[in-house]
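Below are the chains, spelled out letter by letter.
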Amino acid sequence: MAKLYFRYGAMNSGKTTALLQVAFNYKERGMRVLILKPSIDTKGGDMLVSRLGIGRKVDILVTKEMDILQLVREDCEKNGPLACVLCDESQFFTPEQAEQLFRVTVDPGIPVICYGLRADFMMRGFPGSTRLLELAHTIEELKTICACGRKATCNGRKVNGEYVFEGAQVAIDTVDDVEYQSLCPQCWYREYHAFLKRTGKEK
């Protein structure tokens, strides 16, 4: 049975690198994959860019209006059978697109592996990720560490070198003048309270 996998992790946990490795493994065995990325993630344009310096062109940049199930069916009709659908930055898919990815595993019965963040810099779930967590047959965490050495499960957003805890949910690093750091819960809360104190919002 084809399955929907959601592999999540904090920033810098190697999600894109893992996706590229899976794509390479399929290609090495003569199997075809389809790589999708939400168009809202403008970093790298139509390329997947790993922090290790490796990359690959995306097959389809998916806008919010696109029906992923239909895209997959049309690709199979045009180019032949698919071994797997691979999705990067999956948190940016809509809940409806997460459901379409689930349907890809049912009919036409193709495995789907999604990589993405579970929650944003304020520890609030992305709508697409929340739906993937509800629908996925298999959920796997990709691990990374905080600067303090603890396991990192949170994402911290920096603007001008300082952590911030307000603003739009979507801001792309290297594009929107922000940067992200993976943090353990202890460091996240320390920086959160420092932000409240710095901005006069601490009660």
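Caption draft 1: Looking closely at the pattern of salt bridges. Overall, the coordinates contain eleven salt bridges when judged by the stated rule. Notably, a salt bridge pairs D107 with R73, separated by 3.6 Å at the nearest N-O pair. Here D107, found in the loop between α3 (95-106) and β7 (112-116), pairs with R73, found in helix α2 (residues 68-79); they are 34 residues apart in sequence, far enough to count as distant. What emerges from the salt-bridge pattern is a single network uniting E99, R131 and E134.

Caption draft 2: Layout of the sheet that holds strand β2 (residues 33-38). Spatially, the six strands line up as an open sheet ordered β5-β2-β6-β7-β1-β8, and their pairing is parallel. Strands at the two margins of the open sheet, each flanked by one partner only, are β5 (60-62) and β8 (138-141). If you compare each strand with its neighbour and ignore which way they point, the axes differ by 20° on average. Where strand β6 (residues 84-87) and β7 come together, three bridges link them in parallel fashion. Across the sheet, residue C87 finds its bridge partner in β7, namely C114. Sheet contacts for α3: β1 (4-8), β5, β6 and β7; angle to β7, the most-contacted strand, approximately 150°.

Caption draft 3: Here's a closer look at the environment of Q70. Take Q70: it is sitting in helix α2. We classify Q70 as partly exposed; its relative accessible area is 36%. In sequence terms Q70 and V104 are 34 residues apart; their C-alpha atoms lie 9.1 Å from each other.

Basis of the calculations
- Residues numbered from 1 in each chain as written.
- Predicted model: local features only at pLDDT ≥ 70, side-chain atom pairs only at ≥ 80, totals over all residues.
- Heavy atoms only, no water.
- Salt bridge = Lys/Arg side-chain N within 4 Å of Asp/Glu carboxyl O.
- Helix = DSSP H or I, 4+ residues; strand = E, 2+ residues; numbered from the N terminus.
- Pairing = 2+ DSSP bridges.
- Axes fitted to C-alpha atoms, helices over the stretch in contact; angles between N-to-C directions.
- Contact = heavy atoms within 4.5 Å.
- Buried < 20%, exposed > 50% of the residue type's maximum accessible area, 1.4 Å probe, protein only.

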